[in-house]
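One letter stands for each residue in the lines below.
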Amino acid sequence: MTDHDTPRWKRSALAFGFWTLLALSYAFSGGLSSISEGDPPGWLRALSWNLGNFWLWMALVPLVGWLGRQTAGRSWGRFFALQVPASLGVAMLQMLAHLMAFWYLSGPGRMPVHTLGQYLRMELAYSFHLAVLTYWVILAVLRGMESRRHLRDERLRRTQLETQLAQAQLQALRMQLQPHFLFNTLNAISALALADPLQARLMIARLSDFLRLTLEERHAPQVPLARELEFLACYLGIQQVRFQDRLSTQLLVDDDTLAAAVPNLILQPLVENALRHGLQDKPGAGTLRISTRRDGDQLQLRVDDDGLGLPPAGTAEGIGLGNTRSRLRMLFGDAAQLELSPIPGGGTRAEVRLPFAEHVA
C-alpha cells in the first residue's frame, strides 16, 4: 500500500500521535532536568509549553510542504529567494502564536515579567531562532520524504513499463509463431486436398479445434501444463491425419506436473521440429515420445523422436525453436534452458528445463 492509498484519517492520526509523543518526551525531559537542578518540575507548564509548540508546528506542516513544492526542481537561487523569507515569516507566526497561547494558558509563573509585551521581548531571540531552525528541519524532512516517494513511484512506473514491454514482446513472439504453424499446416492440407479430400477436411476440422483453443488463451503468457497438453493433443490430431500409420505417439506425463505453469504453446514448436526434421523423411514408421516430470525445483519437458537425428553440422534453428528460446529467456532468464541432443541408437531429444511453479488462475 502506498502513502496515497492510506486513508486520510489514518495519516492524520499518525501525524497527531507523532507530534504528541515528541511534545511529551520534551516535557518529560524538561521536568527531569528541573528535578536534577533542585527545582520543582512544573509538569503542567512543561506540558502546556511543549504541546502548544509542537501542535502548532503540526498545523503548519502542510504550509511548509506547499512552500517546499514551489521550489522543487528549481535553481538554488530561486530556492533561497523563496525559502529564506518564508522561513522567517512562518517562524515568526508560529513563535507569536505559541508565546501568546502559553501566556494566556499558564501565565507568567515565576518569570520576572508582568505583561505580554515584556514576555514577548524576553523570549524573542531564543524562541525565534529556534522556530527558524525548526522550519528548516521540517522542510528538509518533507523534501526528503517527497524525493523518496518520487523515486519509489518512478521505480514502480519503470517496472510496470518493463512488464508491459515484456508482455508485448511475448505477444509478438506468439503472433510470429502462429502464422508459421498455420503456413506449414495449410501446406499439408493443400497437398491432401486433391489426393485425399476426406483427410483434408478432417485436418481442417482439427485445425479449427486447435485455433479455438489457442484463441481462448491468447492473452495468457503461461498456462497449466494440463491445458498445454490439450493444445498438443489437437496439434497431434492434425499431424496424425497427415502421417497416418507412419506416426505413433507416446505421452508419459507425471501427475504432479499437470498443474505446473508453462509458457503457452511451448511444446508445439518442439513437436513440429521433431516431425519436420526427424520423422518426415524417415523411411517407414516413427515414434514420438513426449514426457514431463518434476526434478526438484525444476520442470523437465522432453520431446524424443527416433528419426534421422541431428546432422553432423548441427541443426540450423528456424522460427519455431528460435522463438521458443526467446520466450524462455524473457520469462525466466538464465533459469530456463532448451537443449537439442542426439539419442544413442538414432533420433533427437529436445529438452526444456524451467523453474517449477504451480499455475495460479
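Note that the structure is predicted; figures quoted are calculated from it, not measured.

1. With respect to the packing of aromatic side chains
1) Next: One pass over the full model with this rule turns up 13 aromatic pairs.
2) Next: Ring geometry for phenylalanine 16 and tryptophan 55: centres 5.6 Å apart, planes at 25 degrees, overall stacked. Here the residue phenylalanine 16 occupies a position in helix 1 (residues 8-36), and tryptophan 55 occupies one in helix 2 (residues 43-70), the gap between them amounting to 39 residues.
3) Next: For phenylalanine 16, a relative accessible area of 40% corresponds to the partly exposed category.

2. Topic: helix 3 (residues 76-106)
1) Next: A rise of 1.5 Å per residue sets the reference length of helix 3, with its 31 residues, at 45 Å; its end C-alpha atoms lie 43 Å apart and thus fit the reference within 8%.
2) Next: Taken together, the buried positions of helix 3 are Phe79, Gln83, Ala86, Ser87, Val90, Ala91, Gln94, Met95, His98, Leu99, Phe102 and Trp103.
3) Next: Glycine 107 occupies a position one or two residues after helix 3 and carries a positive phi of about 75 degrees.

3. Structural notes on the nonpolar core
1) Next: Counting residues in hydrophobic clusters, the biggest one holds 44 residues, and the most contacted among them are Leu267, Val271, Leu288, Leu301 and Val303.
2) Next: At the level of elements, helix 4 (116-195), helix 5 (197-216), helix 6 (225-243), helix 7 (267-279), strand 4 (286-295), strand 5 (298-305), helix 8 (319-332) and strand 7 (348-355) are the ones that each hand at least two residues to this core.
3) Next: For leucine 267, the residues in contact, after removing those within four places along its chain, are Leu225, Glu228, Leu229, Leu232, Leu301 and Val303.
4) Next: Ranked by size, the runner-up nonpolar core spans 18 residues in total, among them Trp19, Trp57, Phe79 and Tyr135.

4. Some details on a nonpolar patch on the surface
1) Next: A cluster of nonpolar residues, Met92, Leu96, Met100, Tyr104 and Leu124, forms a patch on the protein surface that exposes about 440 Å² of accessible area.
2) Next: By residue number, the principal contributor to the nonpolar patch is helix 3, which donates four residues.
3) Next: By the secondary structure assignment, methionine 92 is in helix 3.

5. Considerations on the pattern of salt bridges
1) Next: By the definition in use, this model includes eight salt bridges.
2) Next: A salt bridge links arginine 353 to aspartate 295; the nearest nitrogen and oxygen atoms lie 3.1 Å apart. Linking arginine 353 in strand 7 with aspartate 295 in strand 4, this pair joins segments that are 58 residues apart in sequence.
3) Next: Put simply, arginine 302 and glutamate 351 hold a salt bridge, and the shortest N to O gap is 2.7 Å. With a gap of 49 residues between them, arginine 302 in strand 5 and glutamate 351 in strand 7 connect regions that are remote in the sequence.
4) Next: Look at arginine 302 and you get partly exposed, because its relative accessible area is 22%.
5) Next: Accessibility expressed as a relative area gives 14% for glutamate 351, which makes it buried.
6) Next: What you see here is one network of salt bridges that share partners, running through Asp295, Arg302, Glu351 and Arg353.

6. Regarding the environment of leucine 225
1) Next: Following the sequence through the fold, leucine 225 ends up in helix 6.
2) Next: Its relative accessible area of 0% is what places leucine 225 among the buried residues.
3) Next: Sequence-distant contacts of leucine 225, that is, excluding residues within four places in its chain, are made with Thr257, Leu258, Ala260, Val262, Leu267, Thr292 and Leu301.

7. Things to note about the pairing of strand 7
1) Next: In terms of burial, strand 7 is a largely internal element, six of the eight residues being buried.
2) Next: Sheet topology places strand 5 next to strand 7; eight bridges connect them, and they run antiparallel. The residue bridging valine 303 from the neighbouring strand is alanine 350, located in strand 7.
3) Next: Between the antiparallel neighbours strand 6 (residues 337-342) and strand 7 lie five residues, among them glycine 345 with a positive phi of about 95 degrees.

The rules behind the values
Residues numbered from 1 in each chain as written. Predicted model: local features only at pLDDT ≥ 70, side-chain atom pairs only at ≥ 80, totals over all residues. Heavy atoms only, no water. Phe/Tyr/Trp six-rings, centres within 6.5 Å; stacked < 30°, edge-to-face > 60°. Helix = DSSP H or I, 4+ residues; strand = E, 2+ residues; numbered from the N terminus. Buried < 20%, exposed > 50% of the residue type's maximum accessible area, 1.4 Å probe, protein only. Expected span 1.5 Å × (residues − 1). Core = buried A, V, L, I, M, F, W, Y, C linked by side-chain atoms within 4.5 Å. Contact = heavy atoms within 4.5 Å. Patch = residues over 30% accessible without salt bridge, like charges linked within 9 Å, V, L, I, M, F, W, Y side chains within 5 Å. Areas by Shrake-Rupley, 256 points an atom, 1.4 Å probe, with all protein chains shown as cover. Salt bridge = Lys/Arg side-chain N within 4 Å of Asp/Glu carboxyl O. Pairing = 2+ DSSP bridges.

Structural measurements only, silent on function.
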